[in-house]
Amino acid sequence: MIDISERAQQHFLRLLSQQGIDDLGIRLRVTSAGTPAASCELEFCEKADLAGGEWTIECAGFDFHVDGDSADWLDNASIDFEPNATGGQLNIRAPKIKGDVPGSEAGLIERVRYVLEAEINPKLASHGGRVSLLEIDADGAVLLQFGGGCHGCGMVDVTLKQGVEKTLRERVPEITAVRDATDHAGGEKPYYSKAEGKSAIA
């Protein structure tokens, strides 16, 4: 079901030994499974924390538990640890957790929402922002609403034209236009203020 490399097992064992708790294990679960926002979460867990439906993998010196509801989404998943000068990077590859990418036969709304959640919002999240779909009209024009750090941001026009619209039109060619319906005058804590042109979060 899931392949945990020897380097990853050694990494987990080091982390567990630092906790000083007997029989401590690692638990993995998938959040928002089957959606573009799906991700894997790892946590320490004691035996008393287990619900009983977990799949348990016996590793070198500890048990690795996979949440029962997450197991199907983690088929052919792998975990590896790549050491580097600053410590290392844990890599989890789980090709099935986001579900299937909508094909060309899927509806326009479904495909636009997928691109927003899978590609655009993860990038906007680095500025504390996000965008959501309001509607797509009969002519194929997409109407969007910006929120968070993008609400009231002085750079939102650039983000819309060079980032959001470009990506959407590449992924969903039927789109004829992309428009912003956000009332930016009422935005609080924008990432860039129009007056200063600088980041509002230092």
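Keep in mind it's a predicted model, so treat the numbers as computed, not measured.

Describing the sheet that holds strand β9 (residues 141-148)
Next, step 1: Across the sheet, which stays open at both edges, the three strands sit in the order β8-β9-β10 with mixed pairing between neighbours. Strands with a single pairing partner mark the edges of an open sheet, and in this sheet they are β8 (129-136) and β10 (177-180). In this sheet, neighbouring strand axes are inclined to one another by 30° on average, regardless of whether the strands run parallel or antiparallel.
Next, step 2: Strand direction decides the pairing type here: β8 and β9, joined by seven bridges, are antiparallel. Bridge pairing links Ser-132 to Gln-145 in β9.
Next, step 3: Along the sheet face, helix α2 (residues 108-124) touches β8 and β9 and points at about 165° away from the line of β8.

Structural notes on the environment of Gly-34
Next, step 1: Note that Gly-34 resides in the loop between β2 (25-31) and β3 (39-45).
Next, step 2: Expressed as a C-alpha distance, the spacing of Gly-34 and Lys-98, which sit 64 residues apart in the sequence, is 4.4 Å.
Next, step 3: In contact with Gly-34, other than residues within four places in its own chain, are Trp-73, Ile-97, Lys-98 and Gly-99.

Here we look at the environment of Leu-15
Next, step 1: Here Leu-15 shows up in helix α1 (residues 6-19).
Next, step 2: Residues Leu-15 and Ile-26, spaced 11 residues apart in sequence, show a C-alpha to C-alpha distance of 9.8 Å.

What about the pairing of strand β6 (residues 77-84)?
Next, step 1: One ladder, built from three bridges, connects strand β1 (residues 2-4) with β6; its direction is parallel. In the sheet register, Asp-3 faces β6, and the bridge partner there is Ser-78.
Next, step 2: Relative to strand β7 (residues 87-93), β6 is paired through seven bridges, and the arrangement is antiparallel. Bridge pairing in β7 places Pro-83 opposite Gly-88.
Next, step 3: Turn length for the β6-β7 hairpin, with the two strands adjacent in sequence and antiparallel, is two residues.

Considering a negative patch on the surface
Next, step 1: There is a patch of like negative charges on the surface, built from Asp-22, Asp-23, Glu-46 and Asp-49.
Next, step 2: Along the chain, Asp-22 turns up in the loop between α1 and β2.

Comments concerning the pairing of β2
Next, step 1: The buried fraction of β2 is high, at five of seven residues.
Next, step 2: With seven bridges connecting them, β2 and β3 associate as antiparallel partners. Bridge pairing in β3 links Leu-28 to Leu-42.
Next, step 3: Both β2 and strand β5 (residues 62-66) contribute to a ladder of three bridges, which runs parallel. Its bridge partner being in β5, Leu-28 is matched across the sheet by Val-66.

Cut-offs applied
Residues numbered from 1 in each chain as written. Predicted model: local features only at pLDDT ≥ 70, side-chain atom pairs only at ≥ 80, totals over all residues. Heavy atoms only, no water. Pairing = 2+ DSSP bridges. Helix = DSSP H or I, 4+ residues; strand = E, 2+ residues; numbered from the N terminus. Axes fitted to C-alpha atoms, helices over the stretch in contact; angles between N-to-C directions. Contact = heavy atoms within 4.5 Å. Patch = residues over 30% accessible without salt bridge, like charges linked within 9 Å, V, L, I, M, F, W, Y side chains within 5 Å. Areas by Shrake-Rupley, 256 points an atom, 1.4 Å probe, with all protein chains shown as cover. Salt bridge = Lys/Arg side-chain N within 4 Å of Asp/Glu carboxyl O. Lys, Arg positive; Asp, Glu negative; His and termini not counted. Charge placed at Lys NZ, Arg CZ, Asp CG, Glu CD. Buried < 20%, exposed > 50% of the residue type's maximum accessible area, 1.4 Å probe, protein only.

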